[in-house]
Amino acid sequence: MQNNHHKERLYKILVIGDLGVGKTSIIKRYVHHNFSPNYRATIGVDFALKVLNWDQETVRLQLWDIAGQERFGNMTRVYYREAMGAFIVFDVTRPASFEAVTKWKEDLDSKLTLANGKNVATVLLANKCDQGRDVLTNNGIKMEQFCLENGFVGWYETSAKENINIDEAANCLVKHIIANENDMLQSEVLDTISPQLEKDKGGTCSSCFRSQ
Amino acid sequence: EPLSTTALILEDRPANLPAKPSEETQRHKLEYEEMVAAAKRREMKEAQKKKRQMKERHRQEDIISNAMIVWNNEILPQWDTMKGTRRVRDLWWQGLPPSVRGRVWSLAIGNELNITAELYKIFLCRAKEKWRSYSETSSVNDSESDGGASLADRESSLDLIKLDISRTFPSLFIFQKGGPYHDLLHSVLGAYTCYRPDIGYVQGMSFIAAVLILNLEEAEAFITFANLLNKPCQMAFFRVDHDLMLKYFAAFEIFFEENLPRLFTHFQTNNLTPDLYLIDWIFTLYSRSLPLDVACRVWDVFCRDGEESLFRTGLGILRLYEDVLLQMDFIHIAQFLSRLPDDLHTHTLFNAMAATHMLSRNRRWAQVFCALMKDGGGGNREWGERSSSSSSPALRS
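Residues numbered from 1 in each chain as written. Chains lettered and ligands numbered in written order. Predicted model: local features only at pLDDT ≥ 70, side-chain atom pairs only at ≥ 80, totals over all residues. Heavy atoms only, no water.

1. Notes on the overall build of chain A
Argument step 1. Per the secondary structure count, chain A includes eight helices and six strands.
Argument step 2. Beginning at the N terminus, the succession of helices and strands in chain A can be written as β-α-β-β-α-β-α-β-α-α-β-α-α-α.
Argument step 3. Buried residues in chain A amount to 54% of all 212 residues.
Argument step 4. For chain A, contacts bridging at least 24 residues in sequence account for 71% of all contacts bridging at least 6.
Argument step 5. A total accessible area of about 9500 Å² is found for chain A, and carbon and sulfur atoms account for 47% of it. (Helix = DSSP H or I, 4+ residues; strand = E, 2+ residues; numbered from the N terminus. Buried < 20%, exposed > 50% of the residue type's maximum accessible area, 1.4 Å probe, protein only. Contact = heavy atoms within 4.5 Å. Areas by Shrake-Rupley, 256 points an atom, 1.4 Å probe, with all protein chains shown as cover.)

Shown next, in the form of structure tokens:
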């Protein structure tokens, strides 16, 4: 049962991108604060839970770490359902993994939209930045421009190994998810405005509101 | 006997301090003696425990060496007539001695495909040629930020194999670059992609090939690998044949409900569909999620009983952890099942598997599966489909 007095938000977040770009490592770093060069390849999907304090609220992030092989695409795409945000990860030392980013993004947007028709918040992670920045510098790509064109809400050079920018990227994603949610909540209120709802509005979080 | 600091307890206070009252001295003496006695008792207990463990280990070793004699002298020479007997099947369930394990696996899996060591060499040569030309073209194309050729090759498996090998049993440190089995694993997987270009390399294969390499010599490992993947269940999964995989999941759920009704309901209310954990378990035949020694025992049974045993193992795991799982919500169950406890023991898992009955209303696994295949559409729910409600319980927990 939902408890109206206790504010808690729960979000499903996808972590996608080519095979071996470091999705599992990023999650391990973010959730367990450690790094090992020896993670096993992910088969299917792995899970992790991160609990955050956010403006006196508890935010629980369900992280879905999805295997990167293209072949599994049809199989794992059903896991996109109901996600509120996503990280798309590439490996800065492997150009091909960057080329795949647009493919992952298009795929995500075509399979998943929010209730208001918008795409889910997606942050781009340029991982393994401790090992050089080949892709970023050689291609002369303006990352800001790339993000704008492809609908990313932000991008970060990350290193799961050196713990660079992981928390920052996650905070950015959570910020956008919450903003999206508030947006939807507002438009929902406008759509279905009624005295009763108006009165209750103050004390409920978005998910309680929806389940009423 | 007390040494150094502990002995100080018995000493009086330094002269510049008032002396201890005699009751206190007495009490300290008693306390000290009690401590010494407790330490002795602990030591005794430890020693006894060690003795018991040694005894158990010796017993296990005896069992294994006896079993080894039986397998080598009696069973293997007359494999075809012996393999189905009650006695052999019982011995088999108790675990194959490591020294005959590979041999029994390869006999049990067979060689329907009639692959020879020579054929393996041919495919291996082809793979090596491909690697060579691949590395040449990709270095040429490098400046053009990956030409079309390498893009087309993205899914051609070579890259993927390289990336996955080092992530196969990483804790053993033998398959990584520079490790003793790195090249071997590379060869077996590469040769397979040349042998079956229609399937290519699929994640999960590296784990299966690795387990075989640990138990068989190179060509034999390849032959067994190819034949193992050719089994209907493995073919369905490695071809990523959705419809067929769904049938397997549906059959699994029938036995799940039959065996563990409470947990089944709990999983359903939490929307925890079997694909979420079975994909990993089936693709790697449990070698990724179970400790390696336990996984090998599971493989023993798989070689004896076929695909049915894979689902029985899954149910055994769920039975083993039923009490814990019943207390968990969606994300914790999902997390738990994707990383099973390291201290999972073979005998507890096997007890749970033995308690799992692969009978549903008098139908065996194969019959249940056939029935599902026949009625086609029925029960053909797409996995991950979140029942009728718009918001999933998984996200409400």
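2. Let's talk about the pairing of strand β2 (residues 45-54) of chain A
One face of the sheet, then the other: side chains in a regular strand alternate in exactly this way.
All names here are of chain A.
Argument step 1. The element β2 is extensively covered by neighbouring structure, given that eight of its 10 residues are classed as buried.
Argument step 2. Pairing of β2 with strand β3 (residues 57-66) involves 10 bridges; the strand directions are antiparallel. When the bridges of β3 are listed, Lys-50 appears paired with Leu-61.
Argument step 3. What sits between the antiparallel neighbours β2 and β3 is a turn of two residues, in which Asp-55 has the positive phi angle 45°. (Pairing = 2+ DSSP bridges.)

3. A closer look at unusual backbone geometry
Residues and elements named next belong to chain A.
Argument step 1. We note that Glu-82 has phi near 70°; this positive angle belongs to a residue other than glycine.
Argument step 2. Secondary-structure assignment places Glu-82 in the loop between α2 (73-76) and β4 (85-91).
Argument step 3. Look at Glu-82 and you get partly exposed, because its relative accessible area is 21%.

4. Describing the packing of aromatic side chains
Argument step 1. All chains considered together, the criterion is met by 38 aromatic pairs over all chains.
Argument step 2. Aromatic side chains Tyr248(B) and Phe311(B) sit 5.7 Å apart centroid to centroid with 5° between the ring planes, which places their arrangement in the stacked category. Of this pair, Tyr248(B) sits in helix α13 (residues 242-259) while Phe311(B) sits in helix α17 (residues 307-320), and the two are 63 residues apart along the sequence. Phe311(B) carries the same exposure label as Tyr248(B), and that label is buried.
Argument step 3. Aromatic side chains Phe311(B) and Trp365(B) sit 4.4 Å apart centroid to centroid with 15° between the ring planes, which places their arrangement in the stacked category. With Phe311(B) in helix α17 and Trp365(B) in helix α21 (residues 365-374), this pair connects stretches of sequence that are 54 residues apart.
Argument step 4. Overall, Trp365(B) belongs to the buried group, its relative accessible area being 2%.
Argument step 5. Over the aromatic face of Tyr30(A) sits the side chain of Lys50(A), whose NZ or CZ is 4.5 Å from the ring centroid. (Phe/Tyr/Trp six-rings, centres within 6.5 Å; stacked < 30°, edge-to-face > 60°. Lys NZ or Arg CZ within 6 Å of the ring centre and 35° of its normal.)

5. Observations concerning α21(B)
All names here are of chain B.
Argument step 1. Taken residue by residue, α21 has Trp-365, Val-368, Phe-369 and Leu-372 as its buried positions. Down the axis of α21, the buried set is contained in an arc of 95°. They therefore lie on one face.
Argument step 2. For α21, the elements touching its buried residues are α13, α17, β1 (359-360) and β2 (363-364). (Arc of directions from axis to C-beta.)

6. Description of the confidence of the model for chain B
Residues and elements named next belong to chain B.
Argument step 1. Averaged over chain B, the pLDDT score is 88; the fraction of residues at 70 or greater is 87%.
Argument step 2. The low-confidence segment residues 140-155 (pLDDT under 50) makes 20 contacts with residues lying over four places distant or belonging to another chain.
Argument step 3. Below a pLDDT of 50 lies the segment residues 386-390, which in the model reaches 10 contacts outside its immediate sequence neighbourhood of four places, other chains included.
Argument step 4. As a predicted assembly, this complex carries a pTM of 0.83 together with an ipTM value of 0.83. (pLDDT = per-residue confidence, 0-100.)

7. A look at the nonpolar core
Argument step 1. Core analysis: the biggest nonpolar cluster contains 186 residues, and Trp71(B), Leu318(B) and Leu337(B) have the highest contact counts within it.
Argument step 2. Those residues within four positions of Leu337(B) in sequence are excluded, and the remaining contacts are Phe267(B), Leu272(B), Tyr277(B), Trp281(B), Leu318(B) and Leu325(B). (Core = buried A, V, L, I, M, F, W, Y, C linked by side-chain atoms within 4.5 Å.)

8. Some remarks on the environment of Arg239(B)
Residues and elements named next belong to chain B.
Argument step 1. Along the chain, Arg-239 falls in the loop between α12 (232-238) and α13.
Argument step 2. Once the C-alpha coordinates of Arg-239 and Gly-200 are considered, the two residues, 39 residues apart in sequence, prove to be 9.2 Å apart.
Argument step 3. If we skip the residues at most four places from it in the chain, Arg-239 touches Arg-196 and Asp-198.

9. Side note on helix α20 (residues 346-354) of chain B
All names here are of chain B.
Argument step 1. When α20 is considered as a whole, its buried residues turn out to be Thr-346, Leu-349, Phe-350, Ala-352 and Met-353. Buried residues of α20, viewed axially, fall in a sector of 160°; they line one side. Pointing more than 90 degrees away from the buried face of α20 are the exposed residues His-347 and Asn-351.
Argument step 2. Buried positions along α20 lie against α4 (86-93), α16 (292-305) and α17.

10. Quick look at the pattern of salt bridges
Residues and elements named next belong to chain B.
Argument step 1. Scanning the entire structure with this criterion turns up 28 salt bridges over all chains.
Argument step 2. For Glu-31, the salt bridge identified is with Arg-27, shortest N-O distance 3.7 Å. Here Glu-31 and its partner Arg-27 are both found in helix α2 (residues 22-75), four residues apart, which amounts to about one turn of the helix.
Argument step 3. One salt bridge connects Arg-364 with Glu-308, and the closest N-O pair in it is separated by 3.5 Å. (Salt bridge = Lys/Arg side-chain N within 4 Å of Asp/Glu carboxyl O.)

11. A look at the sheet that holds β3(A)
All names here are of chain A.
Argument step 1. Ordered by their spatial adjacency, six strands build an open sheet running β2-β3-β1-β4-β5-β6, and the pairing between neighbours is mixed. Lying at the two open borders of the sheet, with one neighbouring strand each, are β2 and β6 (154-157). Averaged over all adjacent pairs, the angle separating strand axes in this sheet is 25°, with direction ignored.
Argument step 2. Helix-sheet contacts for helix α5 (residues 143-150) involve β4, β5 (121-127) and β6, and the interaxial angle to β6 is about 140°. (Axes fitted to C-alpha atoms, helices over the stretch in contact; angles between N-to-C directions.)

12. Here's the deal with the environment of Arg319(B)
Residue and element names in this part refer to chain B.
Argument step 1. Inspection of the secondary structure puts Arg-319 in helix α17.
Argument step 2. The sequence separation of Arg-319 and Asn-259 amounts to 60 residues, and the corresponding C-alpha distance is 8.4 Å.
Argument step 3. Sequence-distant contacts of Arg-319, defined by excluding residues within four places in its chain, comprise Asn-259, Leu-260, Ala-352, Ala-355 and Thr-356.

13. A word on empty space enclosed by the protein
All names here are of chain A.
Argument step 1. Within the structure shown, the criterion is met by three cavities of 30 Å³ or more.
Argument step 2. Put simply, the largest cavity is a space of about 50 Å³.
Argument step 3. Around the largest cavity, the lining residues are Val-15, Ile-26, Ile-27, Tyr-30, Leu-63, Phe-87, Leu-125, Ile-166, Ala-169 and Ala-170.
Argument step 4. Elements that contribute at least two residues to the lining of the largest cavity include exactly α1 (23-32) and α6 (166-191).
Argument step 5. In the lining of the largest cavity, the residues fall into 10 nonpolar, no polar and no charged. (1 Å grid on protein atoms, 1.4 Å probe; cavity = no way out; pocket = protein on both sides within 12 Å on 5 of 7 lines; lining within 4 Å. Points joined across faces, edges and corners; volume = space filled by probe spheres on them. Nonpolar A, V, L, I, M, F, W, Y, C, P; charged D, E, K, R; others polar.)

14. Considering the environment of Val298(B)
Residues and elements named next belong to chain B.
Argument step 1. Position of Val-298 among the secondary structure elements: in helix α16.
Argument step 2. With 209 residues separating them in the primary sequence, Val-298 and Arg-89 have C-alpha atoms 14 Å apart.
Argument step 3. Excluding anything up to four places from it in sequence, Val-298 contacts Tyr-286, Leu-290, Thr-313, Leu-349 and Phe-350.

15. Things to note about the packing of helix α10 (residues 205-215) of chain B against helix α11 (residues 218-229) of chain B
Residues and elements named next belong to chain B.
Argument step 1. Across the interface, α10 lies against α11 with an axial gap of 9 Å and an inter-helix angle of 135°. As summarised for this structure, α10 and α11 are arranged oblique, according to the angle between their axes. Relative to α11, α10 is oriented so that their crossing is right-handed. Seen from α10, the contacting residues are Met-205, Ile-208, Ala-209, Leu-212 and Ile-213; seen from α11, they are Ala-221, Thr-224, Phe-225, Leu-228 and Leu-229.
Argument step 2. Here the residues of the contact of α10 with α11 are counted per class, giving nine nonpolar, one polar and no charged. (Parallel < 35°, antiparallel > 145°, perpendicular 65-115°, else oblique. Left-handed = near helix turned anticlockwise from the far one by under 90°.)

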